[in-house]
Amino acid sequence: MREIAAAGVVLLLVALVAAACATDAGAGPAVSEALRRDAKSYAEDYGVPLDEAIERLRDQDPVGELNAVLEEQEGDVFGRLWIEHEPEYRVVIAVTEDPRRIRRRYVEGGPLEDVVELQEVETTLQELTDAQAETMEMLREVGSRADLGTDVRENCISLYVADPAELQSRLEAAGLELPDAVCITPTGPYAEAPSLDPPPGVVFPRQHPPEGLRVEMSALLIGELIEEDGCLRVGDVGQSNLVIWPYDHTVTAGEDGRLAIRDGNGTVVARLGDVVRLGGGQVPTVENATPMEVPDHCGGPYWLAASEIEAVTLNELPDHEDIAPLLAALRRCGQTLEGPEGSQAALLAPEPGIAYRLGERSWLHFHVFPDEQLAQVRADRIPHEMSNTIVDWVAPPHFYRCGRVIALYLGTDGDVEAVLNQGCVAIADA
C-alpha cells in the first residue's frame, strides 16, 4: 500500500509539472501595465483587438533592431524602414536593389517575417541625407527660409516653399541647382505683411514672413500686456517676456491713446492692459526671430508669438455670459458685492479672473477659461481635500464650474451656495 501511494504521489507531481509547463507555454510574455495601457489606446485608435495591439507594440523593439542592422550593414542599398498601421499593418523596408537577398538574410525566420514588405526605390538613405545637407547649404547661400523634410514613402527630400518660382530664380542667379532627390511642395501663397507704422516710441518687432511651412510653437503664455519704455511685453513689471509678434500683426493707438494689437485682417485681438493668452514659445535671442532691429533696452526673455491670440479685459468680465447671471442672482438674494478687483487666487492662475468681497471674511472669485473643456481639465485637478496647513483660507473654500468659468467661494452663506449650486456644477470642497 505504501508503494502504491508513493507512486500515486509521483504521478500527481508529474501531472502538475506538465500542466504548469503547458500553462506557461501558452501564456506568452507577461504584459506590463504600461504596455497594456498603451495597447488599449492603440486598439481604440485603429479598431483592432487588444491582443493584436499588444503584439504590434511588441514589434517595436525588433523593428528598431532591424533598422539599425540595415543601416550599418546595407547602407549602399538601404532606403528607409517605416511602419504602416492602416489599412493593413505592415513593416516596409525600402531598398534600391536585391530585395530578395535582404528578405532572405534579415527577415526570414525572424519575428517580423509575416509583416515585412520589401519595396524598391531609387535613392538610398545616405543619398537622401547628403541631398538634404546640400540643399540646406544652398538655401543658406541664397537667404531662403524654406523648410526641408524627408518623405520616406516618396523617397525624396521635401522642400516646402511658398513661392517655388521665386526660389528657383534666386538659385539660378547664384548658379545653383537642387539635387535630383528633392521634391518641391508649394505651401503658399501667404498674405503679404501689412505696412507697419507704430505710434512714436513703440517697439513692435515682427517675425519673418513665412517662406516655407508656417510652423508655430505650442507653449502658452498668460499675463497682462504691458509697456515698458516702449517695449510691449506680457507678464508683470520686472518679470515679463518681450513679444515677437506674427509677421502680419500691427499696432495702433486709439483715440484714448490705448495701444491695440491687430491681426492680419485688421481685427483687434488685444489691447494694452488686457490679460492675454499667447501661444508660441520662448527663444534665447532675437537674431533669427525677426528681421527688425530690437533696441538693447527691450531685452529678453523673448516670446515668439503664435497667430492665435486671445485677450480678456478684466473690467468686462462682470458682463461675461457665465458670470453676469450669477451676479444678478446674488443681488436678488440681497447680497452686497464689493468690487470687482483682480483675483489673486493662485490655484486658478494664470487664467484671468476677478474677485468680489461678500462681507467681512467672504470672497467670490471667477476665473475664465478659453472653453468648457479646458475649464473641466482644471476642475479635475483641484484636490478634494486641502487642509489649511497647505493653504491658509480666509473662509471655507467651495469650487464650482459654471460653463467655461471656475468659481471659488470662500464663505459659509447658504444663499450664496444655493445660487452657485443652481447655476453651476460643484467641483470640490477643500
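Residues numbered from 1 in each chain as written. Predicted model: local features only at pLDDT ≥ 70, side-chain atom pairs only at ≥ 80, totals over all residues. Heavy atoms only, no water.

Undergrad: Explanation requested: the pairing of strand β7 (residues 219–228) in the structure shown.
TA: Each regular strand displays side chains that alternate between the two surfaces of the sheet. With six bridges joining them, β7 and strand β13 (residues 275–283) adopt antiparallel strand pairing. Paired with Gly223 across the two strands is Val276, which belongs to β13. For β7 and strand β8 (residues 231–236), the ladder comprises four bridges, and the chain directions are antiparallel. Directly across from Ile226, in β8, lies its bridge partner Arg233. Counting the residues that bridge the hairpin from β7 to β8 gives two residues, and of these Asp229 lies at a positive phi of roughly 55 degrees. (Pairing = 2+ DSSP bridges. Helix = DSSP H or I, 4+ residues; strand = E, 2+ residues; numbered from the N terminus.)

Undergrad: It is not clear to me how the state of the cysteines should be interpreted in this structure. Could you clarify?
TA: Covalent bonding between the sulfur atoms of two cysteines defines a disulfide. Applying the stated criterion across every chain, the model contains three disulfides. Linked covalently through their sulfurs, Cys231 and Cys298 form a disulfide whose S-S length is 1.9 Å. Judged by the sign of its S-S torsion, about -80 degrees, the bond between Cys231 and Cys298 is left-handed. Pair noted here: Cys231 is in strand β8 and Cys298 is in the loop between β13 and β14 (302–312), with a separation of 67 residues, a long-range link. Both residues of the pair, Cys231 and Cys298, count as buried. (Disulfide = S-S within 2.5 Å. Buried < 20%, exposed > 50% of the residue type's maximum accessible area, 1.4 Å probe, protein only.)

Undergrad: Looking at this model, I keep getting lost on the sheet that holds β14. Mind explaining?
TA: The strands making up a sheet associate through backbone hydrogen bonding, with each pair oriented either parallel or antiparallel. Taken in spatial order, the five strands close into a barrel running β7-β8-β9-β14-β13, and their pairing is mixed. Going across the sheet, the axis of each strand differs from the next one's by a mean of 55 degrees, ignoring polarity. (Axes fitted to C-alpha atoms, helices over the stretch in contact; angles between N-to-C directions.)

Undergrad: I keep staring at the packing of aromatic side chains and nothing clicks. Help me out?
TA: Here the distance between the centres and the angle between the planes together describe a pair of aromatic rings. By the definition in use, this model includes two aromatic pairs. Seen in terms of ring centroids, Tyr42 and Tyr46 are 4.6 Å apart; in terms of plane orientation they differ by 40 degrees. Their pairing is tilted. You can see Tyr42 and its partner Tyr46 sitting in helix α2 (residues 33–46), four residues apart, about one turn around the helix. Seen in terms of ring centroids, Phe204 and Trp245 are 5.4 Å apart; in terms of plane orientation they differ by 10 degrees. Their pairing is stacked. Of this pair, Phe204 sits in the loop between β6 (182–186) and β7 while Trp245 sits in the loop between β9 (239–244) and β10 (250–253), and the two are 41 residues apart along the sequence. (Phe/Tyr/Trp six-rings, centres within 6.5 Å; stacked < 30°, edge-to-face > 60°.)

Undergrad: Would you mind going over helix α6 (residues 125–142) with me for this structure?
TA: Residues separated by three or four positions in an α-helix point in the same direction, a consequence of the helix having 3.6 residues per turn. Compared with the 26 Å implied by 1.5 Å per residue over 18 residues, the 26 Å span of α6 between its first and last C-alpha is a close match. The set of residues buried in α6 consists of Leu125, Leu128, Ala131, Thr135, Met138, Leu139 and Val142. Buried residues in α6, looked at end-on, bunch into an arc of 135 degrees, giving them a common side. In this structure, α6 carries Arg140 and Glu141 as exposed residues pointing more than 90 degrees from its buried face. As for α6, its buried residues are in contact with α4 (60–73), β1 (78–84), β4 (147–151), β5 (156–161), α7 (164–173) and β6. Following α6 by one or two positions, Gly143 adopts a phi angle in the positive range, close to 75 degrees. (Expected span 1.5 Å × (residues − 1). Arc of directions from axis to C-beta. Contact = heavy atoms within 4.5 Å.)

Undergrad: Looking at this structure, I do not really get the nonpolar core. What am I missing?
TA: Considering soluble globular proteins, one finds that nonpolar side chains tend to be buried as a cluster. Ranked by size, the top nonpolar core spans 26 residues in total, and within it Leu66, Leu70, Leu81, Val91, Ile93, Ile102 and Val116 carry the most contacts. At the level of elements, α2, α3 (50–58), α4, β1, β2 (90–95), α5 (99–107) and β3 (116–120) are the ones that each hand at least two residues to this core. The element that contributes the greatest number of residues to this core is α2, accounting for four residues. Dropping the residues within four chain positions of it, Leu70 is found in contact with Gly75, Phe78, Leu81, Ile93, Ile102 and Tyr106. Counting 23 residues, the second-largest nonpolar core is a separate cluster that includes Leu330, Leu358, Phe366 and Val368. (Core = buried A, V, L, I, M, F, W, Y, C linked by side-chain atoms within 4.5 Å.)

Undergrad: For this particular structure, what's the right way to read the sheet that holds strand β12 (residues 268–271)?
TA: Read across the open sheet, the three strands follow the order β10-β11-β12; overall the sheet is antiparallel. Each edge of the open sheet is held by one strand with a lone partner, namely β10 and β12. Taking the axes of each pair of neighbouring strands and ignoring which way they run, one obtains an average angle of 30 degrees across the sheet. Relative to β12, strand β11 (residues 259–262) runs antiparallel, the two sharing three bridges. Residue pairing for β12: Ile261 is matched across the bridge by Ala270.

Undergrad: Would you take a moment to explain the packing of α2 against α3 for this structure?
TA: A pair of packed helices is characterised by two quantities: the angle between their axes and the separation of those axes. Packing of α2 against α3 leaves a shortest axis separation of 8 Å and a crossing angle of 115 degrees. In terms of orientation, α2 lies roughly perpendicular with respect to α3. Our pair here, α2 against α3, has a crossing hand that is right-handed. Mapping the contact onto sequence places Leu35, Arg36, Asp38, Ala39, Lys40, Tyr42 and Ala43 in α2 and Leu50, Ala53, Ile54, Arg56, Leu57 and Arg58 in α3. Of the residues belonging to the contact of α2 with α3, the class tally is eight nonpolar, no polar and five charged. (Parallel < 35°, antiparallel > 145°, perpendicular 65-115°, else oblique. Left-handed = near helix turned anticlockwise from the far one by under 90°. Nonpolar A, V, L, I, M, F, W, Y, C, P; charged D, E, K, R; others polar.)

Undergrad: So what exactly am I meant to see when it comes to the side chain of Thr124 here?
TA: Following the sequence through the fold, Thr124 ends up in the loop between β3 and α6. A residue is classified by how much of its surface remains accessible, and Thr124, at 4% relative accessible area, is buried. Setting aside its immediate chain neighbours within four residues, Thr124 contacts Gly75, Asp76, Val77, Phe78, Gly79 and Thr96.

Undergrad: I tried to follow the environment of Thr185 on my own but got confused; where do I start?
TA: Its location among the elements puts Thr185 in strand β6. Measuring from C-alpha to C-alpha, the distance between Thr185 and Ala162 comes to 8.4 Å, with 23 residues separating the pair along the chain. Contact partners of Thr185, with chain neighbours within four places excluded, come to Leu159, Tyr160 and Val161.

These figures capture arrangement, not role.
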